[in-house]
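Report on the structure
If you want the building blocks of each chain, they are given just below.
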Amino acid sequence: MKTALIVEGGGMRGIYAAGVLDAFMEEKYDPFDMYFGVSAGACNLASHLAGQHRRNYRIYTELMVQREFINFKRFLFRGHWMDLDWLWETLEQVNPLDTTTAISNISKKKKQFLVTVTSADSGLPLYLTPDADNLNDYLKASSALPVLYRNMIEVEGRHVVDGGVGDPIPVIEAYKRGARKIMVIRTREASYRKRNDLETRISSLFMKKYPALKEAIRYRPVQYNRAVQFLEHPPKDVEVLHVAPDTMETGRLTRSLKSLNADYERGRIRGREIALREKIKNHGASEGKKHSTGN
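Let us look at the structure shown here.

The rules behind the values
Residues numbered from 1 in each chain as written. Predicted model: local features only at pLDDT ≥ 70, side-chain atom pairs only at ≥ 80, totals over all residues. Heavy atoms only, no water. Axes fitted to C-alpha atoms, helices over the stretch in contact; angles between N-to-C directions. Helix = DSSP H or I, 4+ residues; strand = E, 2+ residues; numbered from the N terminus. Parallel < 35°, antiparallel > 145°, perpendicular 65-115°, else oblique. Contact = heavy atoms within 4.5 Å. Salt bridge = Lys/Arg side-chain N within 4 Å of Asp/Glu carboxyl O. Buried < 20%, exposed > 50% of the residue type's maximum accessible area, 1.4 Å probe, protein only. Phe/Tyr/Trp six-rings, centres within 6.5 Å; stacked < 30°, edge-to-face > 60°. Lys NZ or Arg CZ within 6 Å of the ring centre and 35° of its normal. Polar contact = N/O pair within 3.5 Å; in protein donor to acceptor, adjacent residues only side chain to side chain. Core = buried A, V, L, I, M, F, W, Y, C linked by side-chain atoms within 4.5 Å. Patch = residues over 30% accessible without salt bridge, like charges linked within 9 Å, V, L, I, M, F, W, Y side chains within 5 Å. Areas by Shrake-Rupley, 256 points an atom, 1.4 Å probe, with all protein chains shown as cover. Pairing = 2+ DSSP bridges.

With their axes 8 Å apart at the nearest point, helix 2 (residues 40–49) and helix 3 (residues 55–63) run at an angle of 135° to one another. One way to sum up the angle between helix 2 and helix 3 is to call them oblique. Facing Ala 40, Cys 43, Asn 44 and Ser 47 of helix 2, the residues of helix 3 in contact are Arg 55, Asn 56 and Tyr 60.

This is the structure:
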């Protein structure tokens, strides 16, 4: 039975998932065979798999809060609202991802790490398996949210954008690949349902050159809510662990350190609770198996 960990994106809301993953690292909790990351969730997972404790926290609170990254005024003058080019260049200089260790840790343990992106030509999700040379490119592609970041990113000859457009919570894909115990780290409250809101309508207007992608953006609320439905009513052969905040102060574009710190700590507390609970449960199951077999 394969076990999968899925981490949702959400821009600055990813600080919550960063807290959960740091707690997992602190508790040495890592029972997963497959990892699916979407947008900010993929970036959070990459640092986690590299063993770079609190790297994501530092990125959110030291770099992503700067106006060089999030700047609405720049967007009004046809620039990026979220400048991924600046962020990736700066990260390489001041806080680089240890891509070699991340990929080595996955391959040594015979695990899978899949970065979700969306094809601009077909509008369909792609689940990319990175290596040390292309991991940073895949992460940037998965984070390239249409409109907020104006460029298309090319990966292996294909134009791609943010993975959250094609498959915001790839729980069904994990199930198709054999996962029967699935943990999903959300950056929205468990009750949240996505609607065809102003952001969705505006984003689709910018995609006239890519009709399939425009349709995928319009269809995104359906995809999102379908995944949540799976989480709440999974098939009988699946165990779902739904990790979601009770409340969130941080939004997609929040730059408030107070809010970011509060939601990071919420994630750490929740992550520690889950890691300890699951370790106790698994230990009990292991002891029960020993007794039943007479060992």
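The rest of the description comes next.
Going through the model one piece at a time under the given rule, you end up with 20 salt bridges. Note that Lys 281 is salt-bridged to Glu 239, the shortest N-O span being 3.2 Å. Placement of the pair is Lys 281 in helix 12 (residues 257–293) and Glu 239 in strand 8 (residues 239–243), with a sequence separation of 42 residues. Under the relative-accessibility criterion, Lys 281 is labelled partly exposed at 40%.

What follows concerns the packing of aromatic side chains. The geometry of two aromatic rings is summed up by the distance between their centres and the angle between their planes. Inspection of every chain in the model, using the stated rule, returns ten aromatic pairs. Between Phe 72 and Trp 81, the ring centres sit 4.7 Å apart and the planes meet at 55°, which makes this aromatic pair tilted. In textbook terms, an aromatic cluster arises when at least three aromatic residues are bridged by ring pairs, as seen for Phe 24, Tyr 29, Phe 32 and Tyr 35. Over the aromatic face of Tyr 57 sits the side chain of Arg 54, whose NZ or CZ is 4.4 Å from the ring centroid. Residue placement shows Arg 188 over the ring face of Tyr 192; its charged tip is 4.1 Å from the ring centre.

For the rest of this paragraph, the subject is helix 2. The element helix 2 is extensively covered by neighbouring structure, given that ten of its ten residues are classed as buried. Three or more residues of helix 2 are buried, namely Ala 40, Gly 41, Ala 42, Cys 43, Asn 44, Leu 45, Ala 46, Ser 47, His 48 and Leu 49. Two residues or fewer past helix 2, Gly 51 is found with a positive phi of approximately 75°.

Here we take up the side chain of Glu 8. Looking at where Glu 8 falls in the secondary structure, it is placed in the loop between strand 1 (2–7) and helix 1 (14–26). Accessibility expressed as a relative area gives 4% for Glu 8, which makes it buried. Side-chain polar atoms of Glu 8 contact the backbone nitrogen of Thr 187, separated by 2.8 Å. With residues near it in sequence (within four places) discarded, Glu 8 still touches Val 38, Gly 41, Pro 168, Ile 169, Ile 185, Arg 186, Thr 187, Arg 188 and Tyr 224.

Moving on to helix 5 (residues 84–94). Every buried residue belonging to helix 5 is among Leu 84, Trp 86, Leu 87, Trp 88, Thr 90 and Leu 91, and all of these are buried. As for helix 5, its buried residues are in contact with helix 2, helix 3 and helix 7 (135–143). At the N-terminal boundary of helix 5, the capping side chain belongs to Asp 83, with an oxygen 3.1 Å from the backbone nitrogen of Asp 85.

Relative to the assigned elements, Gly 79 resides in the loop between helix 4 (72–76) and helix 5. Along the primary structure Gly 79 and Val 147 are separated by 68 residues, whereas in three dimensions their C-alpha atoms are 9.8 Å apart.

Nonpolar side chains in soluble globular proteins tend to be buried together. In terms of nonpolar packing, the biggest core is built from 63 residues, with Leu 5, Phe 24, Phe 113, Leu 139, Met 183 and Ile 185 touching the most fellow members. Excluding anything up to four places from it in sequence, Leu 5 contacts Leu 21, Phe 32, Met 34, Tyr 35, Phe 36, Leu 45, Met 183 and Ile 185. In this structure, Ile 6, Met 34, Ala 174 and Ile 182 belong to the second largest nonpolar core, which totals 21 residues.

Taken together, Phe 72, Leu 76 and Phe 77 make up a surface patch of nonpolar side chains, about 370 Å² in accessible area. Summarising the element assignment, Phe 77 is placed in the loop between helix 4 and helix 5.

Once that is clear, we can look at the pairing of strand 6 (residues 158–162). When strand 3 (residues 112–119) meets strand 6, the two strands line up antiparallel, connected through three bridges. Paired with Val 117 across the bridge in strand 6 is Asp 162. Strand direction decides the pairing type here: strand 5 (residues 153–155) and strand 6, joined by three bridges, are antiparallel. From the neighbouring strand, Val 155 faces strand 6, where its bridge partner is Arg 158. What sits between strand 5 and strand 6 in their antiparallel hairpin is a turn of two residues, with Glu 156 showing a positive phi close to 50°.

Right, let's talk about unusual backbone geometry for a bit. At Arg 54, a residue that is not glycine, the phi angle is positive and equals roughly 65°. Within the secondary structure, Arg 54 is located in the loop between helix 2 and helix 3. Overall, the relative accessible area of 27% leaves Arg 54 in the partly exposed class. At Val 147, a residue that is not glycine, the phi angle is positive and equals roughly 80°.

So, about the environment of Asp 133. As for its position among the elements, Asp 133 is in the loop between strand 4 (125–128) and helix 7. On a C-alpha basis, the gap between Asp 133 and Thr 100 in space is 8.4 Å, while along the polypeptide they are 33 residues apart.

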